[in-house]
Amino acid sequence: MFLRKCVVSLIGIALIFGLAPAFVMAQEMTAEEAAAAEIKAAEEAGYQVSVGEIVVTAQKREQNLQEVPVAVSALSGEDLQVLTSGAPDVRALSARVPSLILESSFGRAFPRFYIRGLGNTDFDLNASQPVSMIVDEVVMENPVVKGMPIWDMERVEVLRGPQGTLFGRNTPAGIVKFESKKPTREFDADFRASYGTFNTVDINGAVGGPLSDTVSYRASGLYQSRSDWVDNGYTEKKNELGGYETTAYRLQLLWEPSENFDALFNLHGWDVDGTARLFRANIITPGDNELVSGFEQDQVYLDGLNSQDISAMGGVMKLNWDFGGATLTSVTGFETLDMYSRGDIDGGFGAAFLGEGNYGPGFIPFPSESAGSIPDLDQFTQEFRLASNNSSGLNWLAGLFYFNEEVMIDNFSYDTLAPGNPQNGYSNQWQETTAYALFGSLDFRINELWNLIAGLRFSHDEKDFWVDRPQPLFQPPLVAPITEQTDEDFTSWDLSLTYKANPNLNWYGRIATSFRAPSIQGRIMFCADFEGGTNPATNCVTTADTEEILSMEIGMKSILADNRLRLNLSAYIFELDGQQLTAVGGEFNTATLLNADKTEGYGLEADIEYIPTANWLMTFGMSFNPTKIVDKDLTVAPCGGGCTVTDPLDANGLALINGNPLPHAPELIFNGIINFRSDPVEKGFFGVLDWAYYSEKNFFLYESEEFQSDSLEFGLRLGYAWSQAKYEVALFGRNIFDEEIVRGGIDFNNLTGMMNDPRTIGIEFVGRF
């Protein structure tokens, strides 16, 4: 059945895609004569009138994006500058390329990535994700580490679909790659400073160049801050919450003692101090997903405490030896982190058992205040790879990979109703993950028109897990800690075929597999002995088995309209066996791991870059990403906070989720950036309009009327540049129409929601030297 769906879908998609180039070329012919004179004149003046080559490293070697048989989107240059105005965190990338969504219940930390609908809603501090984040060729495994600030970037690459061969474990959905700007032999410096709403400050800059005949450097830094801007109606304090301060640095040295060897050293770190995610009780109208009447973005009613503190540091050493016919590369990375994050989870004050008038806003059945801490995290990675340097014929790559992570986690509960909010529950856990892999890829040019790529990877992954409950809530301490272990081998592969129809048009097809290694979870602080037995918490340590994906994809990559239009299209269909899902919520806000029988998905994606004249630059992204859980017996506990569940319930009151879409998986995403400049060389007066839209998505595995939302936000940047765009001053606005959008929910207590940021406006100066 699945294979038949694949064949029918791919044939239909191929027919649709086959018409696209013909349509565009027909339009191109009608406008060709009118545009010829303008293009020639602009080129002679040095203006940008054609889409340039985008170099990516999606296959661990530098390639033209148009020649890579993978669905890839790249953000760089002015597009990144626009999206990072106003001191955002990495969530600013959400819905900014096809099929990509980010969200968080921790605020500026712990981003959760979703590609083509595949992600993980788990909020535990050792949660794994099916989207891998890679920064300067080093994987960032822990979800808190993924919250590092984004600045001084050469480009961001989003690879959609399984990437198991070259990038290994935990990549069934894809990867997001960040490439920082590297040292060069030319002096280079830039500076960017802005000030905006809520006293938001964003200052970042970099300087680099040669230190000697063989050594170059680049040093970059960042400072972001915002004043508290949210009033607490319970304490009657003005501007009590919502502020933050972020600092980051990156130091790089490039040593090039000969033509055959170079070494790049990278030391980086970052800190976040401020408000964690603000939870807002009963802000959603029962029976629909609208905000309640009288909702105010700048006010909460919290009797609990809120704080967040993160400190991280890491390093990378990349060595290259060029032997002529092949290059040996070694990439060594380490990351360390400690953090603490605390929030008032029920989103209100008091509790119903205290009597009328002693709780709110709305109905608060019981108080909930908790915190999570990572006192120690250490990650070490090592990769060796040997890649051929052939310019034609057969190219190959072979490599070894090693990964080790040790993380200690503490979970706390607090008595919100007691003076001083004292701690009344505590559990701690430790996890070590060790993985290694052998991988290889062959790239064979069959002839001038056809190219074949095949890859294979063997991976081994094991976890050791330990958890204790020395200070439980409502239950006695454990007699002894609980231990759990997983040990798994997996072989992933991919096969792609590219047809070069002409120098500006490539067609490709790709079949690929990948996996997410087994996961262990143990939120035992609140766990009772609900099944009996000698250990009161045994049943609250859950394990999810390996999930495996098979994906098929076809695509077209084209440069059209006299090199003024880049039109890249892709279509895919996948089946995921044993998808790891997290049932979030319940009376004590726990997270339980489970495996679905199957998950199916298919979709269409488009990346468009268009330069109609030298004064206008436009980029657009679109995607259609339906997903479906296929498991007729799979059930989860529905909300405990009064929502309207639309799924059928079984005899035990559990929601049957067979046929549901995945959480945080909107079917539609549409984004764009339209850039105008009065002078294509000097830039002169300029304006940039950007937007990101996604259709309704569920927050949880079950469906309800309340816990879902869509989103549409616009941004604007207006300014003036001079000295060939070396300097510019601009006014900017983010969420310029001040849309109030619920980004996520808490379902165990009441209709609690988490909001987007309100409108911010500011002024910005940019200097390049």
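Relevant structure appears above.
What counts, and at which threshold
Residues numbered from 1 in each chain as written. Predicted model: local features only at pLDDT ≥ 70, side-chain atom pairs only at ≥ 80, totals over all residues. Heavy atoms only, no water. Core = buried A, V, L, I, M, F, W, Y, C linked by side-chain atoms within 4.5 Å. Buried < 20%, exposed > 50% of the residue type's maximum accessible area, 1.4 Å probe, protein only. Contact = heavy atoms within 4.5 Å. Helix = DSSP H or I, 4+ residues; strand = E, 2+ residues; numbered from the N terminus. Polar contact = N/O pair within 3.5 Å; in protein donor to acceptor, adjacent residues only side chain to side chain. Pairing = 2+ DSSP bridges. 1 Å grid on protein atoms, 1.4 Å probe; cavity = no way out; pocket = protein on both sides within 12 Å on 5 of 7 lines; lining within 4 Å. Points joined across faces, edges and corners; volume = space filled by probe spheres on them. Nonpolar A, V, L, I, M, F, W, Y, C, P; charged D, E, K, R; others polar. Patch = residues over 30% accessible without salt bridge, like charges linked within 9 Å, V, L, I, M, F, W, Y side chains within 5 Å. Areas by Shrake-Rupley, 256 points an atom, 1.4 Å probe, with all protein chains shown as cover. Salt bridge = Lys/Arg side-chain N within 4 Å of Asp/Glu carboxyl O. Lys, Arg positive; Asp, Glu negative; His and termini not counted. Charge placed at Lys NZ, Arg CZ, Asp CG, Glu CD. Axes fitted to C-alpha atoms, helices over the stretch in contact; angles between N-to-C directions.

S.K.: Can you help me understand the nonpolar core in this one?
M.R.: If you look at the biggest cluster of nonpolar residues, it comprises 83 residues, and the most contacted ones within it are L100, V176, F178, L337, I374, Y702 and F707. The contacts of F178, once residues within four sequence positions are left out, are V90, L93, M133, I134, V135, D136, I150, M153, R155 and V156. In this structure, L159, F167, F403 and A437 belong to the second largest nonpolar core, which totals 19 residues.

S.K.: I keep staring at the side chain of Q521 and nothing clicks. Help me out?
M.R.: Locating Q521 in the fold gives a position in strand β28 (residues 519-522). At 2.7 Å, the side chain of Q521 forms a polar contact with the side chain of D122. Ignoring any residue separated from it by four or fewer positions in sequence, one finds Q521 in contact with D122, D124, N126, A127, Q429, F465, C540, V541, T542, A591 and L593.

S.K.: It is not clear to me how the sheet that holds strand β14 (residues 237-241) should be interpreted in this structure. Could you clarify?
M.R.: To summarise the sheet geometry, strands pair through backbone hydrogen bonds and adopt either a parallel or an antiparallel arrangement. A sheet is described by the order of its strands in space; here 3 strands give the open sequence β14-β13-β17, paired in mixed fashion. On the outer flanks of this sheet lie β14 and β17 (299-300), each paired with one strand and no other. The sheet contact formed by strand β13 (residues 230-232) and β14 spans 2 bridges and is antiparallel. Its bridge partner lying in β14, V230 is registered against L241.

S.K.: Is there a simple way to explain empty space enclosed by the protein in this structure?
M.R.: Rolled over the atoms, a probe with the dimensions of a water molecule shows which regions are left empty. Within the structure shown, the criterion is met by 16 cavities of 30 Å³ or more. Considered as a void within the structure, the largest cavity measures approximately 950 Å³ in volume. Every element with two or more residues in the lining of the largest cavity is listed here: β4 (100-103), β40 (683-698) and β41 (708-722). At 4 residues, β41 tops the list of elements feeding residues into the lining of the largest cavity. When the residues that make up the lining of the largest cavity are grouped by side-chain class, the tally is 16 nonpolar, 13 polar and 12 charged.

S.K.: Help me out: how do you make sense of a negative patch on the surface in this one?
M.R.: Side chains of E245, D271, D273, D309, D338, D376, D378 and E406 sit close together on the surface and give a patch of like negative charge. Elements with a minimum of two residues in the negative patch: β16 (261-274) and β22 (369-388). Mapped onto the fold, D271 is located in strand β16.

S.K.: I'm lost on unusual backbone geometry in this one. Help?
M.R.: Excluding glycine, a negative phi dihedral is what most residues carry, and trans is how most peptide bonds are arranged. With omega at -10°, the peptide bond leading from G360 into P361 counts as cis. Of note, P361 is situated in the loop between β21 (359-360) and β22. The phi dihedral of N170 falls on the positive side, at around 60°, and the residue is not glycine. The residue N170 is located in the loop between α3 (164-167) and β9 (174-180) in this model. Positive phi, normally seen in glycine, also occurs at N735, with a value near 50°. The residue N735 is located in the loop between β42 (727-734) and β43 (742-746) in this model.

S.K.: Got a minute to help me understand the sheet that holds strand β7 (residues 138-140) in this structure?
M.R.: If you walk across this open sheet you meet the 5 strands as β3-β8-β9-β6-β7, and the pairing is mixed. Where the open sheet ends on each side, the last strands, each with one partner, are β3 (71-76) and β7. Between one strand axis and the next, the sheet turns by 25° as a mean value, whatever way the strands run. Pairing geometry for β3 and strand β8 (residues 153-160), over 6 bridges, is antiparallel. From the neighbouring strand, L75 faces β8, where its bridge partner is V156.

S.K.: Even after reading the chapter, I still don't get the side chain of K557, so can you show me in this structure?
M.R.: Note that K557 resides in strand β30 (residues 547-560). For K557, which is buried and forms no salt bridge, the nearest opposite charge comes from E553, at a distance of 7.1 Å. A distance of 2.7 Å separates a polar atom in the side chain of K557 from the backbone oxygen of V70. What K557 contacts, discounting residues up to four positions off in sequence, is L65, Q66, V68, V70, V72, N504, L505, N506, Y508, L567 and N568.

S.K.: When you look at a nonpolar patch on the surface in this model, what are you seeing that I'm missing?
M.R.: Among the surface-exposed residues, F187, F191, Y195, I203, F685, Y720, W722, V729, L731, I763, F765 and F769 lie close enough to one another that they form a single nonpolar patch of about 1200 Å² accessible area. The set of elements that each furnish at least two residues to the nonpolar patch consists of β10 (188-196), β41, β42 and β45 (760-768). By the element assignment, L731 lies in strand β42. Of the residues examined, L731 reaches a relative accessible area of 54% and is grouped as exposed.

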